[in-house]
Amino acid sequence: MVTVEAAIAVSALLVAMWLGANGLTAVTEQMRCTDAAREAARLTARGEQQRGEEAAGRIVSGADVVIDTQDDAIKVMVSKRGPLGLPLSARAFAVPEPR
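These lines cover the structure that appears in this document, whether it is placed above or below.

About the thresholds
- Residues numbered from 1 in each chain as written.
- Predicted model: local features only at pLDDT ≥ 70, side-chain atom pairs only at ≥ 80, totals over all residues.
- Heavy atoms only, no water.
- Salt bridge = Lys/Arg side-chain N within 4 Å of Asp/Glu carboxyl O.
- Helix = DSSP H or I, 4+ residues; strand = E, 2+ residues; numbered from the N terminus.
- Buried < 20%, exposed > 50% of the residue type's maximum accessible area, 1.4 Å probe, protein only.
- Pairing = 2+ DSSP bridges.
- Axes fitted to C-alpha atoms, helices over the stretch in contact; angles between N-to-C directions.
- Contact = heavy atoms within 4.5 Å.
- Expected span 1.5 Å × (residues − 1).
- Patch = residues over 30% accessible without salt bridge, like charges linked within 9 Å, V, L, I, M, F, W, Y side chains within 5 Å.
- Areas by Shrake-Rupley, 256 points an atom, 1.4 Å probe, with all protein chains shown as cover.

A few points about the pattern of salt bridges
- Inspection of the entire model under this criterion finds six salt bridges.
- Taking the shortest distance from any N to any O, the salt bridge between Asp35 and Arg38 comes out at 3.3 Å. Remark: Arg38 and Asp35 occur in helix H1 (residues 2–45); sequence separation between them is three residues, near one turn of the helix.
- By relative accessible area, Asp35 is classed as partly exposed at 33%.
- In this structure, a network of salt bridges that share partners links the residues Glu29, Arg32 and Lys80.

Here it is as structure tokens:
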């Protein structure tokens, strides 16, 4: 009887640790998406949109980067599937620098 209870307790502990590790990974990837969006918006505001896309791709591998440039605003959206298929995304906005 004790063996079965110990097996269930160990299994529950392993599942909790696995979920915690995936949660920590999701938080880390979300922060990377935020950093990538911010960096892409900053570089695009300086007139270096291609470098912004490349930088975002290096910061978050496998992410979709969408840069929308208008006359007075730059919008960047970085999205990715996180652990367990969770959708992760971040947006950043910038104003183009005068030339």
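Observations regarding the sheet that holds strand S2 (residues 74–81)
- What the three strands build is an open sheet, ordered S1-S2-S3; its pairing is antiparallel. The open sheet has two edge strands, strand S1 (64–69) and strand S3 (87–94), and neither has a second partner. On average, each strand axis in the sheet is tilted by 15 degrees relative to the strand beside it, whichever way the strands run.
- Sitting on the sheet, H1 is in contact with S1, S2 and S3, with an inclination near 25 degrees to S3.

Some points on H1
- Here H1 is 44 residues long and its end C-alpha atoms lie 64 Å apart, about the 64 Å a rise of 1.5 Å per residue gives.
- Of all the residues in H1, the buried ones are Asn22, Ala26, Glu29, Cys33, Ala36, Ala37, Ala40, Ala41, Leu43, Thr44 and Ala45.
- Those residues of H1 that are buried are in contact with helix H2 (49–59), S1, S2 and S3.
- Following H1 by one or two positions, Gly47 adopts a phi angle in the positive range, close to 95 degrees.

Observations concerning a nonpolar patch on the surface
- Together, Val15, Trp18, Leu19, Leu84 and Leu86 line one region of the surface with nonpolar side chains, adding up to about 510 Å² of accessible area.
- Note on Leu84: relative accessible area 56%, which makes it exposed.

A look at the pairing of S3
- Across the two faces of S3 the burial differs, with Leu88, Ala90, Ala92 and Ala94 buried and Pro87, Ser89, Arg91 and Phe93 not buried at all.
- Examined bridge by bridge, S2 and S3 share eight bridges and lie antiparallel to one another. Following the sheet pairing, Lys75 is matched in S3 by Phe93.
- Following S2, the chain reverses through five residues before pairing antiparallel with S3; Leu84 in that reversal takes a positive phi of roughly 60 degrees.

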